[in-house]
Amino acid sequence: FILTILNLYSVNRHYYGNYFYQPNIIKVASDIKVSKYKYLYLFGASDLIYPLSGKLPPQKTYLPSLPWYHHYPPYKNQLLSIMDTPDTLIVVDTNFEVDNVKLIYSSSDIYNHIKTNFELIESADGYDFYTKK
């Protein structure tokens, strides 16, 4: 009985949180959750935003935002096609890096497509939010 009490005490004494959910991700996801947009594409932003916001990728097709995929023409063409899905919010993490190179530079053609064909509606905490023009 004493060992059980001591074990329960030691478990309750320490905080066991989810260390994957950073405060800025939770805030962005909660803002997106109440948005009017049906679909969401994350360019460099954490994939945790999809389930936290309750939004699906356009055409229900998950395509990760990693530069080595972006340089493969069939992948890139499919990505550009799904981004044009109506009622889609595009979230760009302007600080996301792979191998110390920002994604907005390593995949600049996709980033330029976003900036050219979509309208910047808000910027907050290193995230840019775009919708179709």
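One can find the structure itself at the top, above this paragraph.
This text gives an overview of the structure that appears in the document. Note that the structure is a prediction, hence the values are computed from the model and not measured.

Applying the stated criterion across every chain, the model contains three salt bridges. Aspartate 109 is the partner of lysine 76 in a salt bridge, and the nearest nitrogen-oxygen pair spans 2.3 Å. Residue lysine 76 is found in helix 5 (residues 73-83), and its partner aspartate 109 is found in helix 7 (residues 108-117); the two are separated by 33 residues along the sequence. Classification of lysine 76 as partly exposed rests on a relative accessible area of 23%. Note that aspartate 84 and lysine 132 form a salt bridge whose closest N and O atoms lie 3.2 Å from each other. Taken as a pair, aspartate 84 in the loop between helix 5 and strand 2 (88-93) and lysine 132 in strand 6 (residues 127-132) lie far apart in primary sequence, 48 residues in all. Overall, the relative accessible area of 43% leaves lysine 132 in the partly exposed class.

Let us now look at the pairing of strand 2. Two faces make up the sheet, and in a regular strand the side chains alternate between them. By the criterion of burial, strand 2 is predominantly enclosed, with six of the six residues buried. Looking at chain direction, strand 1 (residues 39-43) and strand 2 are connected through five bridges and run parallel. Bridging across to strand 2, tyrosine 41 finds its partner in isoleucine 90. For strand 2 and strand 6, the ladder comprises five bridges, and the chain directions are antiparallel. Note on strand 6: the bridge partner recorded for valine 91 is phenylalanine 129.

Every buried residue belonging to helix 5 is among Tyr75, Leu79, Leu80, Ile82 and Met83, and all of these are buried. For helix 5, the angular spread of buried residues about the axis comes to 165 degrees, placing them on one side. Away from its buried face, by an angle of more than 90 degrees, helix 5 presents the exposed residues Pro73 and Asn77.

As a rule of thumb, soluble globular proteins bury nonpolar side chains together. Within the largest apolar cluster, 31 residues are counted, with the highest numbers of intra-cluster contacts made by Phe43, Ile49, Met83, Val91 and Ile114. Looking at this core, the elements that each hand over two or more residues are helix 2 (23-33), strand 1, helix 3 (49-53), helix 5, strand 2, helix 6 (103-106), helix 7 and strand 6. Tallying contributions element by element places helix 5 first for this core, with five residues.

What follows covers a nonpolar patch on the surface. Together, Phe1, Ile2, Leu3, Ile5 and Leu6 make up a nonpolar patch on the protein surface, roughly 640 Å² of accessible area in all. Note that leucine 6 resides in helix 1 (residues 2-13).

It is worth spelling out the packing of helix 5 against helix 7 at this point. At a closest axis distance of 12 Å, the pairing of helix 5 and helix 7 adopts a crossing angle of 15 degrees. The orientation of helix 5 relative to helix 7 falls into the category roughly parallel. The handedness of the crossing between helix 5 and helix 7 is right-handed. Of helix 7, the residues touching helix 5 (which contributes Lys76, Leu79, Leu80 and Met83) are Asp109, Ile110, His113 and Ile114. Tallied by class, the residues present in the contact of helix 5 with helix 7 amount to five nonpolar, one polar and two charged.

What counts, and at which threshold
- Residues numbered from 1 in each chain as written.
- Predicted model: local features only at pLDDT ≥ 70, side-chain atom pairs only at ≥ 80, totals over all residues.
- Heavy atoms only, no water.
- Salt bridge = Lys/Arg side-chain N within 4 Å of Asp/Glu carboxyl O.
- Helix = DSSP H or I, 4+ residues; strand = E, 2+ residues; numbered from the N terminus.
- Buried < 20%, exposed > 50% of the residue type's maximum accessible area, 1.4 Å probe, protein only.
- Pairing = 2+ DSSP bridges.
- Arc of directions from axis to C-beta.
- Core = buried A, V, L, I, M, F, W, Y, C linked by side-chain atoms within 4.5 Å.
- Patch = residues over 30% accessible without salt bridge, like charges linked within 9 Å, V, L, I, M, F, W, Y side chains within 5 Å.
- Areas by Shrake-Rupley, 256 points an atom, 1.4 Å probe, with all protein chains shown as cover.
- Axes fitted to C-alpha atoms, helices over the stretch in contact; angles between N-to-C directions.
- Parallel < 35°, antiparallel > 145°, perpendicular 65-115°, else oblique.
- Left-handed = near helix turned anticlockwise from the far one by under 90°.
- Contact = heavy atoms within 4.5 Å.
- Nonpolar A, V, L, I, M, F, W, Y, C, P; charged D, E, K, R; others polar.

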